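# Observations on chain architecture
As a plain string of letters, each chain reads:
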Amino acid sequence: MILRVSPPSWKWQKVVSNYKNTPSHSSMKLEQAIAKIKKQAENELSSVGLAKDIEVLKVKYLGKKGLVGDLMPLLKTATPEERPVFGKLINDLKLFLTSCFNNILNDLSLKERNVQLENEAIDVTLPGRRSSFGRKHVTLRLLEEATEILRGMGFTVQYGPEIESEYYNYDALNFPKDHPAKDMQDTFYITTDTLLRTHTSNTQVRVMETSRPPIRIIAPGVCFRNEDVSARSHVTFHQVEGLYIDKNVTFTDLIGTLKNFFKRLFCRDLKMRFRPSYFPFVEPGMEVDIHCIVCEGKGCSVCKQTGWLEVSGAGMVHPEVLRSGGVDPEEYTGYAWGFGIERLAMLQYGIKDIRQFFENRVGFLSQF
Ligand code: DAH
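Note that the structure is a prediction, hence the values are computed from the model and not measured. (Residues numbered from 1 in each chain as written. Predicted model: local features only at pLDDT ≥ 70, side-chain atom pairs only at ≥ 80, totals over all residues. Heavy atoms only, no water.)

The next thing to look at is the domain arrangement of the protein. Domain boundaries assigned for the protein yield domain 1 (12–119) and domain 2 (138–365). Taken over C-alpha atoms, the centre of domain 1 sits 91 Å from the centre of domain 2. (Domains from an automatic or database assignment.)

Structure, rendered in structure tokens:
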């Protein structure tokens, strides 16, 4: 940027013309030095573009060890008659430069400020940016929904550990020592007898050990299985375990509770079907199916054209399991169930691939 340097009151000509006699040699040198500094300053000032550069020039010329200050020793070499004349000349140069620096500094600062304001200008007429809200993950939402319904039915919530001993995950639940589920294929072992729980049923005996019947709990949480990840199975998933132990708990109580729960969860009257099945920790054991909520039982890809969806395992607590928990099977009976949350979500929303729950794609998650 080129700047116009306009000295406010430069008295050079006037001072020199006041100087009557022929100048001495040293005074000529001084005169030249003053003129040179002035010229040099003007040149430098004319090409300065930033306010901060002016500060640098200020120090260069007017600072303690600046160029103008350097003229002082030369003044001593002038004759006594010339000295006041040149003293004034140096002083005028100082005033001149000070005023130039300040004027240009003001100009530049103003320009820089204007540029900054222009760059930072906000167009208040532009529409605001909407902030997007986060939401609960669909798994958590369904888990909370299920929990709320069951709490309303008199169940309290208990949490079992995710890192579990082989005892609570298997042995206490009446799994035979050589049961195939204990195989390394299905279970993530941490040490020989510590593992990542494969189901929330691990909570059953723990609860029996710490509380006396009547026991009416649910145990929601994450489980792990050493399975190949595919559209239908994953190494991580969530379950909700249910356990009710009291005097005279019957199979009919279990069926009534499950019917009531699924009716409330899916907000409709559902046809249900109970198929005998084997789980070591219940006797009798069963698998619970509901009429397909996608096709209303007509047959579709979700129910694999059967019209039925498998939603839970359940049964009457095995006497051996009651014994493991210190509960007398002669006095008490109980029922238990366990269902997978992702599976229910898949049924409810027609999701075909369980992996989507864990990939955390916003496009998928923001639908719920
Ligand atoms: N723990 C079983 C599983 O993960 C599910 C289950 C079946 C739980 C029957 C129960 C039950 O409490 O009674 O496959």
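Further notes follow.
Take the site of the ligand next. Contacts to the ligand come from 15 residues, most closely from His-199, Ser-201, Arg-225, Gln-239 and Glu-241. Contacts to the ligand include Arg-225, whose side-chain N or O atom sits 2.8 Å from an oxygen atom. Gln-239 has a polar side-chain atom sitting 2.9 Å from an oxygen atom of the ligand. Coverage of the ligand by the protein amounts to 90% of the 360 Å² it exposes when considered alone. (Near = heavy atom within 4 Å. Polar contact = N/O pair within 3.5 Å; in protein donor to acceptor, adjacent residues only side chain to side chain. Areas by Shrake-Rupley, 256 points an atom, 1.4 Å probe, with all protein chains shown as cover.)

Moving on to the sheet that holds strand E8 (residues 282–291). Read across the open sheet, the seven strands follow the order E1-E5-E6-E10-E9-E8-E7; overall the sheet is mixed. One side of each edge strand has no neighbouring strand; the edge strands of this open sheet are strand E1 (156–157) and strand E7 (272–277). Summarising the sheet, E1 and strand E5 (residues 215–224) pair through two bridges and their orientation is parallel. Across the sheet, residue Thr-156 finds its bridge partner in E5, namely Ile-217. (Pairing = 2+ DSSP bridges. Helix = DSSP H or I, 4+ residues; strand = E, 2+ residues; numbered from the N terminus.)

Here we take up the layout of surface pockets. One number sums up the size of the largest pocket: a volume of about 970 Å³. Around the largest pocket, the lining is made up of 40 residues, and of these Arg-225, Phe-237, Gln-239, Phe-279 and Glu-310 lie nearest the centre. Counting only elements with at least two residues in the lining of the largest pocket, the list comes to strand E6 (236–246), E8, strand E9 (308–317), strand E10 (333–340) and helix H11 (341–349). Tallying contributions element by element places E9 first for the lining of the largest pocket, with six residues. Residues belonging to the lining of the largest pocket are distributed by class as follows: 17 nonpolar, 14 polar and nine charged. (1 Å grid on protein atoms, 1.4 Å probe; cavity = no way out; pocket = protein on both sides within 12 Å on 5 of 7 lines; lining within 4 Å. Points joined across faces, edges and corners; volume = space filled by probe spheres on them. Nonpolar A, V, L, I, M, F, W, Y, C, P; charged D, E, K, R; others polar.)

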